[in-house]
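Summary of structural features
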Amino acid sequence: MTVFTPDVALALESETVEIKRRVGIMGGTFNPIHNGHLIMAEQVRSQLGLDEILFIPNNIPPHIDTKTAIDGTTRAKLIELAIEDNSDFNLERIELIKGGVSYSIDTIAELKRQHPDTEYYFIIGADEVAYLPKWYRIDELITMVTFVAIKRVGFTQTSEYPVIWIDTPIVEISSTDVRQRIEQQRSIRYLVPLKVADYIVKNGLYQDDKH
């Protein structure tokens, strides 16, 4: 019979404990990405002690939206430029590669298949919490991810689904506003990272805001 000392037994027990990576997900159209996205992502990463934040641009959003985004390759390039100086941020092209309508449950299922050792935290704005009941297969999705919502004045911190609420600096920037400023030839400095602004100007993006 083999007898283990307490120290050896504890060491063996520790080896069996599965340590999962904890990764945040910032999904959306990012048309274009702006500093508000980056602030939200960094605050969630820091406050929850996440290992990484993945920025996942969608291909075609599932909700009804009359605006048309610029092509996914360009939006992904803007994200790359925006996050290249932060080693905790990474771009994930899974929805662009898949094509078609981008459903979160399909994306999360595939990520979990590829990385079974990872726990995912889905970051959303306070305004999106009320729409969770309308998300495609939400009852399954909430068993696969943890939702993290950014607190915002004027929105109640209640939901029929489990949500972690996070405080971040209030930065009222929207992609719509950025596009309109570009069309009107107004400054977007400090609204988007400098490299993003330079790329937009150099390539003449959003000049007529039809995208």
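This report concerns the structure included in the present document. The model shown is predicted, which means the values in this text are computed figures rather than measured ones.

A few points about the pattern of salt bridges
Per the counting criterion, the structure on display carries 10 salt bridges. We note a salt bridge from E84 to K195, for which the minimum N-O separation is 2.2 Å. Taken as a pair, E84 in the loop between helix 3 (72-83) and strand 3 (89-91) and K195 in helix 9 (residues 194-202) lie far apart in primary sequence, 111 residues in all. Close ionic contact of R181 with D177 constitutes a salt bridge, the shortest N to O distance being 2.9 Å. With a gap of 4 residues between them, R181 and D177 both fall in helix 8 (residues 175-183), about one helical turn apart. R181 sits in the partly exposed class, given a relative accessible area of 22%.

Concerning the side chain of N31
Mapped onto the fold, N31 is located in the loop between strand 1 (21-28) and helix 2 (35-48). Look at N31 and you get buried, because its relative accessible area is 2%. A polar side-chain atom of N31 sits 2.7 Å from a polar atom in the side chain of Y206.

Here's the deal with the packing of aromatic side chains
Summed over the entire model, instances satisfying the criterion amount to 6 aromatic pairs. A ring pair is formed by F55 and F89, whose centres lie 5.2 Å apart and whose planes are at 65°; its orientation type is edge-to-face. Highlighted residues: F55 in strand 2 (residues 52-57) and F89 in strand 3, separated in sequence by 34 residues. Each member of the pair, F55 together with F89, is buried. Arranged with centres 5.5 Å apart and planes meeting at 75°, the rings of F122 and W135 form a pair that is edge-to-face. Taken together, the residues F122 in strand 4 (residues 118-125) and W135 in the loop between helix 6 (126-129) and helix 7 (138-141) connect sequence positions 13 residues apart. W135 shares its class with F122; the two are buried.

Quick word on the pairing of strand 5 (residues 146-150)
Among the 5 residues that make up strand 5, 4 are buried, leaving the element largely enclosed by the rest of the structure. Here 5 bridges tie strand 4 to strand 5, and the two strands are oriented parallel to one another. Each residue of the ladder has a partner; that of I124, found in strand 5, is A149. Bridging between strand 5 and strand 6 (residues 163-166) involves 4 bridges; their strand directions are parallel. The residue bridging A149 from the neighbouring strand is W165, located in strand 6.

Brief notes about the layout of surface pockets
The calculated volume of the largest pocket comes to roughly 1,600 Å³. Looking at the largest pocket, it is lined by 49 residues, and the ones nearest its centre are G27, G28, G125, D127 and E128. Sorting the residues of the lining of the largest pocket by element identifies strand 1, helix 2, helix 5 (104-114), strand 4, helix 6 and helix 8 as the ones contributing at least two each. Considered class by class, the residues forming the lining of the largest pocket number 22 nonpolar, 17 polar and 10 charged. Counted as a void, the second largest pocket has a volume near 240 Å³. Together, 15 residues line the second largest pocket, and S187, I188, R189, A197 and V201 are the ones closest to its centre. Listing elements by their share of the lining of the second largest pocket, those giving two or more residues are helix 8 and helix 9. Of all the elements, helix 9 adds the most residues to the lining of the second largest pocket, at 4 residues. For the lining of the second largest pocket, the class distribution of residues is 8 nonpolar, 3 polar and 4 charged.

A few points about the nonpolar core
Ranked by internal contacts, the top residues of the largest apolar core, which has 37 residues, are I33 and F55. Counting residues per element, the ones that place at least two in this core are helix 2, strand 2, helix 3, strand 3, strand 4, strand 5, helix 8 and helix 9. The element best represented in this core is helix 3, accounting for 6 residues. Contacts of F55, omitting those with residues within four sequence positions, involve M26, F30, I33, L38, A41, I79, I83, F89, N90, L91 and E92. Among the nonpolar cores identified, the runner-up in size contains 24 residues, and I56, L111, Y120 and L141 belong to it.

Thresholds applied
Residues numbered from 1 in each chain as written. Predicted model: local features only at pLDDT ≥ 70, side-chain atom pairs only at ≥ 80, totals over all residues. Heavy atoms only, no water. Salt bridge = Lys/Arg side-chain N within 4 Å of Asp/Glu carboxyl O. Helix = DSSP H or I, 4+ residues; strand = E, 2+ residues; numbered from the N terminus. Buried < 20%, exposed > 50% of the residue type's maximum accessible area, 1.4 Å probe, protein only. Polar contact = N/O pair within 3.5 Å; in protein donor to acceptor, adjacent residues only side chain to side chain. Phe/Tyr/Trp six-rings, centres within 6.5 Å; stacked < 30°, edge-to-face > 60°. Pairing = 2+ DSSP bridges. 1 Å grid on protein atoms, 1.4 Å probe; cavity = no way out; pocket = protein on both sides within 12 Å on 5 of 7 lines; lining within 4 Å. Points joined across faces, edges and corners; volume = space filled by probe spheres on them. Nonpolar A, V, L, I, M, F, W, Y, C, P; charged D, E, K, R; others polar. Core = buried A, V, L, I, M, F, W, Y, C linked by side-chain atoms within 4.5 Å. Contact = heavy atoms within 4.5 Å.

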